[in-house]
Amino acid sequence: MNRRSFGIAGLLLAAAVSIPALSRPALADPVGTYDVTGINPDDGGEYQGTVAVRRTGETYSVEWTIAGMSSTGVGIGGRRGNAATTGVASVDDDMITIGYGNGSGFGISQYDLQPDGSWKGHWAYGDGETISVETWVPTGHSRSLERPKAPAGEAMKPMSSPAARP
């Protein structure tokens, strides 16, 4: 390589390092503690809480705390791309699918890693006919939430307790 090539390589490296963190792709791995914001399908109201995700062997252990109630879940990991895969929990996961439950019922949820490091997903009650949305933001960061496209009045209402939420 000549001096000019080294100079160009140096400029490219400097430009890459100077890109703000929010525009760089986030690292994968859902393990961590998050602030949660979601939409309650029963009344369309927003709820908030926390969720903790741990890798436990080949699966994820997930615990939500919403309105003072806990829900626990087990999750499997996944990766998007040309050859999307699901399976054993891995630090490379940019998707997580979770079955959850509590004293009020059970359900399923699925989340995708976002470029800003948050996880956005959808969830439904076990006997539900409608899905809702939820966002996980690493504890201490700002929140964002997209409302579901279906009107709240069309949401199913089999479990009105916030405890039925993941």
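A brief look at the structure comes next. (Residues numbered from 1 in each chain as written. Predicted model: local features only at pLDDT ≥ 70, side-chain atom pairs only at ≥ 80, totals over all residues. Heavy atoms only, no water.)

Describing the pairing of strand S2 (residues 46–56)
Link 1 in the chain: By the bridge criterion, eight bridges tie strand S1 (residues 32–39) to S2 in an arrangement that is antiparallel. Residue pairing for S2: tyrosine 34 is matched across the bridge by valine 51.
Link 2 in the chain: Hairpin remark: S1 followed by S2, antiparallel, with six residues in the connecting loop; positive phi at glycine 44, about 75 degrees.
Link 3 in the chain: Inspection of the sheet shows S2 paired to strand S3 (residues 59–66) by eight bridges, in the antiparallel sense. (Pairing = 2+ DSSP bridges. Helix = DSSP H or I, 4+ residues; strand = E, 2+ residues; numbered from the N terminus.)

Regarding the packing of aromatic side chains
Link 1 in the chain: Under the defined criterion, the tally for this structure stands at six aromatic pairs.
Link 2 in the chain: Look at tryptophan 64 and tyrosine 100: their rings are 5.6 Å apart centre to centre, the planes differ by 65 degrees, and that puts the pair in the edge-to-face class. Remark: tyrosine 100 occurs in strand S6 (residues 95–102) and tryptophan 64 occurs in strand S3; sequence separation between them is 36 residues. With respect to class, tryptophan 64 is no different from tyrosine 100; both count as buried.
Link 3 in the chain: An aromatic cluster is defined as three or more aromatic residues linked by ring pairs; in this entry it consists of Tyr34, Trp64, Tyr100, Tyr111 and Trp136. (Phe/Tyr/Trp six-rings, centres within 6.5 Å; stacked < 30°, edge-to-face > 60°. Buried < 20%, exposed > 50% of the residue type's maximum accessible area, 1.4 Å probe, protein only.)

Considerations on the pattern of salt bridges
Link 1 in the chain: Overall, the coordinates contain four salt bridges when judged by the stated rule.
Link 2 in the chain: Between arginine 79 and aspartate 93 there is a salt bridge, and its shortest N-O distance comes to 2.9 Å. In this pair, arginine 79 is assigned in strand S4 (residues 69–79) and aspartate 93 in the loop between strand S5 (85–87) and S6, connecting sequence segments 14 residues apart.
Link 3 in the chain: For aspartate 93, a relative accessible area of 0% gives the class buried.
Link 4 in the chain: Between arginine 80 and aspartate 112 there is a salt bridge, with the nearest N and O atoms lying 3.6 Å from each other. Of this pair, arginine 80 sits in the loop between S4 and S5 while aspartate 112 sits in strand S7 (residues 105–113), and the two are 32 residues apart along the sequence. (Salt bridge = Lys/Arg side-chain N within 4 Å of Asp/Glu carboxyl O.)

Observations regarding the nonpolar core
Link 1 in the chain: Formed by 19 residues in total, the largest nonpolar core has its most connected members in Val51, Val53, Val62, Trp64, Ile96, Ile98 and Trp136.
Link 2 in the chain: Among the elements of the structure, S1, S2, S3, S6, S7 and strand S8 (119–125) are those that each provide at least two residues to this core.
Link 3 in the chain: Counting residues per element, this core draws most heavily on S3, which supplies four residues.
Link 4 in the chain: Discounting chain neighbours no more than four positions away, the residues touching valine 53 are Pro30, Val31, Gly32, Tyr34, Tyr60, Ser61, Val62, Ile96 and Trp136. (Core = buried A, V, L, I, M, F, W, Y, C linked by side-chain atoms within 4.5 Å. Contact = heavy atoms within 4.5 Å.)

Quick look at the environment of glutamine 110
Link 1 in the chain: Relative to the helices and strands, glutamine 110 resides in strand S7.
Link 2 in the chain: Take glutamine 110: its relative accessible area is 26%, and that puts it in the partly exposed class.
Link 3 in the chain: C-alpha of glutamine 110 to C-alpha of methionine 95: the two residues are 15 residues apart in sequence and 7.3 Å apart in space.
Link 4 in the chain: With residues up to four places along the chain from it excluded, the contact list for glutamine 110 reads Met95, Ile96, Thr97, Lys120, Gly121 and His122.

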